[in-house]
Amino acid sequence: MSCSVWPGLALAASILSAPAWSQPQVLLPATAVRVEGGFWGPRLAVITERTIPHSWAYMGWELRALEKANGREVTGDLNGTWGEANLYKFIETIAYSLARQPDPALEQRVDDIVRLVAGAQRPDGYVHAYITNSGKPPWDPEFLDGAHDGYVLGHLIEAALEYHSVTGKTALLEVARRAADQAWEHFLGPAGKSGFCGHAELEMALVELHRETGEARYLDLARAFVEWRGRGVVKPAGPTPRAYFQDQVPLREQVTLDGHAVRAIFFATGVADLALATGDSDYRLAANRFWDSAARRRMYVTGSVGSRAEHEAFGEDYELPQDGYTESCAACGLADFAQRMLLLERRAEYADVLERVLYNAVLHGLALDGTTTYYRNPLSDREHPRDNCWVCCPPNLSRTVLQAGRYAYAAAPAEVTLNLFVAGTATVALARGPVSLAVATAYPWEGNVQVTLTAVPAGEFALNLRLPGWCREATLQLNGTAVVPLPRDGRGYLRLARSWSAGDRVDLQMAMPVERLEANPNVQSCSGRVALQRGPLVYGFEGVDNDGNLDAVLARDPQFQVEAPQPDRLGGVVRIKARAVDGRTLVAVPFYALANRGASCQEVWLRQDGWRPTPTWWEGRLYRPWTPPGE
Ligand SMILES: [Zn+2]
């Protein structure tokens, strides 16, 4: 990539003297990051080798619907209102996989589908085979809250952008643009009608399409969809409350993030995207309110959100039952929301949540073998087998996990930021030229991260390494020499700003003891209990490791033993052994690895001997390390 990604930004000394956080931050394109080895390499390979071949079996409804919308005779069941979104999430998954590993046959298969999608597009640009086949009207004003037109179009746009970015092919992007133009015409054209799709998703996709094309109309439409909330322009088709689709009051009066958790978190992400794209402080304030609500009062320790089965909704503050609803799609949504907030606010605490949800709730959703999935990810469960229920979550999980490398980095004109520690290489386009770097690490099993700059531009730039919120003890070395004191930037990063040479090496070493976490006393379901966390990984206890008996009380001094990973054990996890008050030895494995050995009971929060409530000094936190009273 060239300097042209920073148009209009003159290279001047002021760039470097400006506060680092004032520079606009961007994600790297999928093709700029190569994930290799370490923790994530094998996990991404499983998606390429197992998940994608497995997923084709679930595309029949969508492909038949597209065939029918092309005027062909088909036999067999067709899809439902939101089904085509699955196909587009799957194509986005394939795009990320192709960026890692070219596969001409797979690409050809997608190109054939792109032709079907193009053939199903109406002359006015509208494309949604389910609507066409069923004879229902596009953007049906009687069913805007449930018809999913915008949800499907949003995923089409996102798939098209990534497929174009990776392959350079424009056909799907052209279809998506024509469809977005039809949506603009329908809502904002001369005969435009106020409204919005009740399942948020299109908002963020339109901002992304605006970013790619520079077309103001896409941003205008995203803004309209957000601004029309709470103004009675969408007629609920049934008795569902308006909060279900974030329509209870206008945006500026929305204090908490409410309603259907996936819709709500996608809506919040769209608002954060609008804040990024427009600089409008109202959007930024709203995004921050949503963040505080979701991540500081309504998030499980694993990063899951959405605790109520009724309306699949967020509960009240601190309403976090251990067997809550916890849909995988909501966890994927929180990862994206955290990533946007990180770009918006540039504070490491957002990456702390991104890391928490990615390593725990999201990875838990997808089985280690890459095939079966979890729709729900409760922290306490009895005999909850994984399933092949092909709903919204499976392709959302695969497209989210495949972005681990992208989530790891952010770039500004003279800044390279590592938000996650992912083994592999990356090339970051700075204003002065590209920086190439290699990351070697066994994270999250160990706390050592080695970053080597393999190519650098002339002049000064900053390398920022996130110091995770869980980390209490760290050292940093530059070319073997300790950097003392740690160069903290006040926003949760270690910042090294200097002129670099190829071959320069930075070593970050983080102590990674087992921590016991306690929850804010308002979380009633965690009262008297602790959860184990080591580094970014939350641990869980599974019946299969503990004689089927998880009714245990952890000893005051559990004498934690951290076992070395064994490749044949759940893909090489580090196990933790702990002593119970009755002398039993309990075995914990990372939460994400639970339920890969058949149906088995599981618990994250165990009762703790000597626990008593400590209502002070929470400072808005939801979880914090616990130590026995008196220590
Ligand atoms: Zn889902």
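Quick notes on the rules
- Residues numbered from 1 in each chain as written.
- Predicted model: local features only at pLDDT ≥ 70, side-chain atom pairs only at ≥ 80, totals over all residues.
- Heavy atoms only, no water.
- Salt bridge = Lys/Arg side-chain N within 4 Å of Asp/Glu carboxyl O.
- Buried < 20%, exposed > 50% of the residue type's maximum accessible area, 1.4 Å probe, protein only.
- 1 Å grid on protein atoms, 1.4 Å probe; cavity = no way out; pocket = protein on both sides within 12 Å on 5 of 7 lines; lining within 4 Å.
- Points joined across faces, edges and corners; volume = space filled by probe spheres on them.
- Helix = DSSP H or I, 4+ residues; strand = E, 2+ residues; numbered from the N terminus.
- Nonpolar A, V, L, I, M, F, W, Y, C, P; charged D, E, K, R; others polar.
- Donors = N, O, S within 2.8 Å, 3.2 Å for Na, K, Ca; no water.
- Tetrahedral: all angles 85-135°; square planar, octahedral: opposite > 155°, others 65-115°.
- Pairing = 2+ DSSP bridges.
- Axes fitted to C-alpha atoms, helices over the stretch in contact; angles between N-to-C directions.
- Domains from an automatic or database assignment.
- Contact = heavy atoms within 4.5 Å.
- Buried area = accessible area lost by both parts, 1.4 Å probe.
- Polar contact = N/O pair within 3.5 Å; in protein donor to acceptor, adjacent residues only side chain to side chain.
- Core = buried A, V, L, I, M, F, W, Y, C linked by side-chain atoms within 4.5 Å.
- Parallel < 35°, antiparallel > 145°, perpendicular 65-115°, else oblique.
- Left-handed = near helix turned anticlockwise from the far one by under 90°.

A. Here's a closer look at the pattern of salt bridges. Applying the stated criterion across every chain, the model contains 45 salt bridges. The residue E36 makes a salt bridge to R34 at a minimum N-O spacing of 3.6 Å. As a salt-bridge pair, R505 and D507 come within 2.8 Å of each other at their nearest N and O atoms. By relative accessible area, R505 is classed as partly exposed at 35%. Connected via shared salt-bridge partners are E208, R211, D273, D336 and R340.

B. Summary view of the layout of surface pockets. In this structure, the second largest pocket encloses a volume near 870 Å³. Going through the elements one at a time, α12 (281–297), α14 (348–365), β13 (514–519), β14 (529–534) and β22 (623–625) are the ones with two or more residues in the lining of the second largest pocket. In terms of residue class, the lining of the second largest pocket is made up of 11 nonpolar, 4 polar and 12 charged.

C. Molecular detail of the coordination of the zinc ion. The protein atoms that coordinate the zinc ion are E327 (OE), C329 (SG), C392 (SG) and C393 (SG), at distances spanning 2.1 to 2.3 Å. For the zinc ion, the 4 donor atoms in the first shell make angles of 93 to 123° at the metal, a pattern classed as tetrahedral. Along the chain, the residues donating to the zinc ion are arranged with the sequence spacing E-x1-C-x62-C-C. In this pair, E327 is assigned in the loop between α12 and α13 (328–345) and C393 in helix α15 (residues 393–401), connecting sequence segments 66 residues apart.

D. The arrangement of the sheet that holds strand β11 (residues 493–499) in detail. If you trace the 4 strands from one edge of the open sheet to the other, you get β3-β4-β8-β11, paired in mixed fashion. Pairing within the sheet leaves two strands with one partner each, and these edge strands are β3 (409–412) and β11. On average, each strand axis in the sheet is tilted by 15° relative to the strand beside it, whichever way the strands run. One ladder, built from 4 bridges, connects strand β4 (residues 415–418) with strand β8 (residues 460–466); its direction is parallel. Each bridged residue has a counterpart across the sheet, and for L418 the counterpart in β8 is L465.

E. Geometry of the sheet that holds strand β1 (residues 33–35). Strands sit in the order β1-β5-β6-β7-β12-β9-β10 across an open sheet of 7 strands; the sheet is antiparallel. Looking at which strands have only one partner, the edges of the open sheet turn out to be β1 and β10 (481–482). Strand direction decides the pairing type here: strand β9 (residues 474–478) and strand β12 (residues 505–510), joined by 5 bridges, are antiparallel. Opposite L476, over in β12, you have L508 as the bridge partner.

F. Representation of the domain arrangement of the protein chain within the structure. Per the domain assignment, the segments making up the protein chain are domain 1 (35–239), domain 2 (258–407), domain 3 (410–510) and domain 4 (514–625). Contacts between the two partners involve 43 residues from domain 1, matched on the other side by 38 residues from domain 2. Buried surface at the junction of domain 1 and domain 2, both sides included, amounts to about 3600 Å², of which 67% is carbon and sulfur. For the domain 1 face of the interface with domain 2, the top three residues by lost area are W40, Y96 and M204, together amounting to 18%. Inspection of the domain 1/domain 2 interface yields 5 salt bridges. Linking domain 1 to domain 2 there are 14 residue pairs in polar contact (both at pLDDT 80 or more). Looking at which element gives the most residues to the side of domain 1 that touches domain 2, the answer is helix α2 (residues 40–55), with 9 residues. Here the side of domain 1 that touches domain 2 is built from residues that sort into 19 nonpolar, 10 polar and 14 charged.

G. Focus on the nonpolar core. Formed by 213 residues in total, the largest nonpolar core has its most connected members in W40, I157 and L508. Other than its neighbours up to four places away in sequence, I157 contacts A176, A180, L202, A205, L206 and L209.

H. Layout of the packing of helix α9 (residues 202–213) against helix α10 (residues 216–227). Where α9 meets α10, the closest approach of the two axes is 8 Å, and the angle between their N-to-C directions is 160°. Judged by the angle between their axes, α9 and α10 are roughly antiparallel. Every pair of crossing elements has a handedness; the one defined by α9 and α10 is left-handed. Taken together, the residues of α10 that come into contact with α9 (itself represented by L202, E203, L206, V207, L209, H210 and T213) are A216, Y218, L219, L221, A222, F225 and V226. Taken together, the residues of the contact of α9 with α10 break down into 11 nonpolar, 2 polar and 1 charged.

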